[in-house]
Amino acid sequence: MNLLILNGIYDIISAISILFFCNMSNLHLDMFKNKQEMIIRRLLAYWIFTYGIIRLYTGVYNDYKLGSITYLIEAFCFEYESINNENLIKYKVRFVSVLSLIVFLYLRADLLL
(Lines give C-alpha, C1' and ligand atoms only; values in the text may rest on other atoms or scores of the structure.)
Protein backbone atom coordinates (compact mmCIF):
# COMPACT_ATOMS: atom_id res chain seq x y z
CA MET A 1 0.00 0.00 0.00
CA ASN A 2 1.53 3.27 -1.12
CA LEU A 3 -0.04 5.14 1.82
CA LEU A 4 1.86 3.06 4.38
CA ILE A 5 5.13 3.39 2.47
CA LEU A 6 4.80 7.16 1.98
CA ASN A 7 3.70 7.79 5.55
CA GLY A 8 6.46 5.53 6.88
CA ILE A 9 9.07 7.50 4.93
CA TYR A 10 7.54 10.79 6.12
CA ASP A 11 7.63 9.60 9.76
CA ILE A 12 11.25 8.48 9.48
CA ILE A 13 12.31 11.80 7.93
CA SER A 14 10.33 13.74 10.57
CA ALA A 15 11.95 11.77 13.39
CA ILE A 16 15.45 12.29 12.02
CA SER A 17 14.78 16.00 11.54
CA ILE A 18 13.60 16.31 15.16
CA LEU A 19 16.69 14.44 16.39
CA PHE A 20 19.11 16.58 14.42
CA PHE A 21 17.47 20.00 14.98
CA CYS A 22 16.49 20.64 11.38
CA ASN A 23 12.82 20.11 12.05
CA MET A 24 11.29 19.80 8.58
CA SER A 25 7.85 19.04 9.94
CA ASN A 26 6.33 20.92 12.83
CA LEU A 27 3.22 18.75 12.89
CA HIS A 28 4.43 16.69 15.84
CA LEU A 29 6.13 19.38 17.93
CA ASP A 30 3.48 22.04 17.29
CA MET A 31 0.99 20.06 19.37
CA PHE A 32 2.78 21.27 22.49
CA LYS A 33 2.00 24.65 24.06
CA ASN A 34 5.50 25.05 25.46
CA LYS A 35 8.87 24.15 24.03
CA GLN A 36 9.81 20.69 25.23
CA GLU A 37 13.04 19.62 26.87
CA MET A 38 15.51 17.83 24.62
CA ILE A 39 14.86 14.42 26.19
CA ILE A 40 11.12 14.71 25.46
CA ARG A 41 11.83 15.78 21.87
CA ARG A 42 14.21 12.84 21.39
CA LEU A 43 11.80 10.31 22.91
CA LEU A 44 9.01 11.60 20.66
CA ALA A 45 11.36 11.31 17.67
CA TYR A 46 12.27 7.71 18.59
CA TRP A 47 8.58 6.84 18.89
CA ILE A 48 7.81 8.44 15.50
CA PHE A 49 10.81 6.64 14.00
CA THR A 50 9.62 3.31 15.41
CA TYR A 51 6.15 3.46 13.94
CA GLY A 52 7.59 4.92 10.73
CA ILE A 53 9.75 1.80 10.34
CA ILE A 54 6.75 -0.43 11.06
CA ARG A 55 4.62 1.44 8.51
CA LEU A 56 7.33 1.31 5.86
CA TYR A 57 7.92 -2.41 6.45
CA THR A 58 4.22 -3.30 6.45
CA GLY A 59 3.66 -1.22 3.31
CA VAL A 60 6.47 -3.00 1.45
CA TYR A 61 5.31 -6.45 2.58
CA ASN A 62 1.54 -5.76 2.31
CA ASP A 63 0.77 -6.44 5.97
CA TYR A 64 -2.07 -3.93 6.30
CA LYS A 65 -3.37 -5.38 9.56
CA LEU A 66 -0.14 -4.64 11.45
CA GLY A 67 0.35 -1.32 9.68
CA SER A 68 -3.19 -0.20 10.49
CA ILE A 69 -2.73 -0.92 14.19
CA THR A 70 0.00 1.77 14.38
CA TYR A 71 -2.60 4.39 13.46
CA LEU A 72 -5.01 3.15 16.11
CA ILE A 73 -2.24 3.25 18.74
CA GLU A 74 -1.20 6.72 17.62
CA ALA A 75 -4.77 8.04 17.87
CA PHE A 76 -5.31 6.48 21.29
CA CYS A 77 -2.00 7.71 22.74
CA PHE A 78 -2.42 11.28 21.54
CA GLU A 79 -6.02 11.45 22.78
CA TYR A 80 -5.04 9.97 26.14
CA GLU A 81 -2.22 12.49 26.55
CA SER A 82 -4.50 15.32 25.45
CA ILE A 83 -6.95 14.43 28.22
CA ASN A 84 -4.23 14.06 30.87
CA ASN A 85 -1.76 16.74 29.81
CA GLU A 86 -2.48 20.46 29.84
CA ASN A 87 0.64 21.15 27.77
CA LEU A 88 -0.98 19.93 24.54
CA ILE A 89 -3.01 22.01 22.10
CA LYS A 90 -6.30 20.11 21.96
CA TYR A 91 -7.42 20.90 18.41
CA LYS A 92 -4.02 19.94 16.96
CA VAL A 93 -4.04 16.66 18.86
CA ARG A 94 -7.61 16.03 17.72
CA PHE A 95 -6.59 16.63 14.09
CA VAL A 96 -3.83 14.00 14.33
CA SER A 97 -6.08 11.57 16.20
CA VAL A 98 -9.00 11.85 13.78
CA LEU A 99 -6.71 11.58 10.76
CA SER A 100 -5.08 8.49 12.29
CA LEU A 101 -8.48 6.91 12.87
CA ILE A 102 -9.53 7.64 9.28
CA VAL A 103 -6.35 6.01 7.96
CA PHE A 104 -6.90 3.03 10.29
CA LEU A 105 -10.45 2.58 8.95
CA TYR A 106 -9.28 3.03 5.36
CA LEU A 107 -6.64 0.33 5.78
CA ARG A 108 -9.09 -1.94 7.58
CA ALA A 109 -12.07 -1.42 5.29
CA ASP A 110 -12.66 -5.17 5.56
CA LEU A 111 -13.83 -4.54 9.14
CA LEU A 112 -16.61 -2.30 7.87
CA LEU A 113 -17.98 -4.75 5.31
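In this report, the structure presented in the accompanying data block is examined. (Residues numbered from 1 in each chain as written. Predicted model: local features only at pLDDT ≥ 70, side-chain atom pairs only at ≥ 80, totals over all residues. Heavy atoms only, no water.)

### Observations regarding the overall build of the protein
Thinking step 1. The secondary structure content of the protein amounts to four helices and zero strands.
Thinking step 2. Traced from its N-terminal end to its C-terminal end, the protein shows the element sequence α-α-α-α.
Thinking step 3. For the protein, the proportion of its 113 residues judged to be buried stands at 40%.
Thinking step 4. Within the protein, counting contacts between residues at least 6 apart in sequence, those at least 24 apart form 64% of the total. (Helix = DSSP H or I, 4+ residues; strand = E, 2+ residues; numbered from the N terminus. Buried < 20%, exposed > 50% of the residue type's maximum accessible area, 1.4 Å probe, protein only. Contact = heavy atoms within 4.5 Å.)

### Brief notes about the layout of surface pockets
Thinking step 1. Approximately 170 Å³ is the volume found for the second largest pocket.
Thinking step 2. No other element matches the four residues that helix α3 (residues 64–84) contributes to the lining of the second largest pocket.
Thinking step 3. The residue makeup of the lining of the second largest pocket, split by class, is seven nonpolar, two polar and one charged. (1 Å grid on protein atoms, 1.4 Å probe; cavity = no way out; pocket = protein on both sides within 12 Å on 5 of 7 lines; lining within 4 Å. Points joined across faces, edges and corners; volume = space filled by probe spheres on them. Nonpolar A, V, L, I, M, F, W, Y, C, P; charged D, E, K, R; others polar.)

### Focus: the packing of aromatic side chains
Thinking step 1. If you walk through the whole model with that rule in mind, you get four aromatic pairs.
Thinking step 2. Pairing Phe76 with Tyr80 gives two aromatic rings, centres 6.1 Å apart and planes at 25°, and the pair type is stacked. Of the two residues, Phe76 and Tyr80 both sit in helix α3, four residues apart, roughly one turn of that helix.
Thinking step 3. By way of ring pairs, the aromatic residues Trp47, Tyr51 and Phe78 are connected into one cluster.
Thinking step 4. In this structure, Arg55 is placed above the aromatic ring of Tyr71, and the distance from its NZ or CZ to the ring centre is 3.7 Å. (Phe/Tyr/Trp six-rings, centres within 6.5 Å; stacked < 30°, edge-to-face > 60°. Lys NZ or Arg CZ within 6 Å of the ring centre and 35° of its normal.)

### Things to note about a nonpolar patch on the surface
Thinking step 1. A contiguous nonpolar patch, built from Ile16, Phe20, Phe49 and Ile53 and spanning about 370 Å² of accessible area, is present on the exposed surface.
Thinking step 2. Here Phe20 lies in the loop between α1 (2–19) and α2 (38–60).
Thinking step 3. With relative accessibility at 58%, the residue Phe20 sits in the exposed group. (Patch = residues over 30% accessible without salt bridge, like charges linked within 9 Å, V, L, I, M, F, W, Y side chains within 5 Å. Areas by Shrake-Rupley, 256 points an atom, 1.4 Å probe, with all protein chains shown as cover. Salt bridge = Lys/Arg side-chain N within 4 Å of Asp/Glu carboxyl O.)

### Section: the nonpolar core
Thinking step 1. Counting 13 residues, the largest nonpolar core has Met31, Ala45, Ile48, Phe78, Leu88 and Val93 as the members making the most contacts within it.
Thinking step 2. For this core, the secondary-structure elements that each account for two or more residues are α1, α2 and α4 (90–107).
Thinking step 3. At four residues, the largest contribution of residues to this core is made by α2.
Thinking step 4. With five residues, the next largest nonpolar core counts Leu4, Tyr71, Val103 and Leu107 among its residues. (Core = buried A, V, L, I, M, F, W, Y, C linked by side-chain atoms within 4.5 Å.)

### Concerning the packing of α1 against α2
Thinking step 1. The interhelical angle for the contact between α1 and α2, taken along N-to-C directions, is 160°, at an axis separation of 7 Å. The angle between α1 and α2 falls in the class roughly antiparallel. Here the hand of the crossing between α1 and α2 comes out left-handed.
Thinking step 2. Tallied by class, the residues present in the contact of α1 with α2 amount to 16 nonpolar, five polar and four charged. (Axes fitted to C-alpha atoms, helices over the stretch in contact; angles between N-to-C directions. Parallel < 35°, antiparallel > 145°, perpendicular 65-115°, else oblique. Left-handed = near helix turned anticlockwise from the far one by under 90°.)

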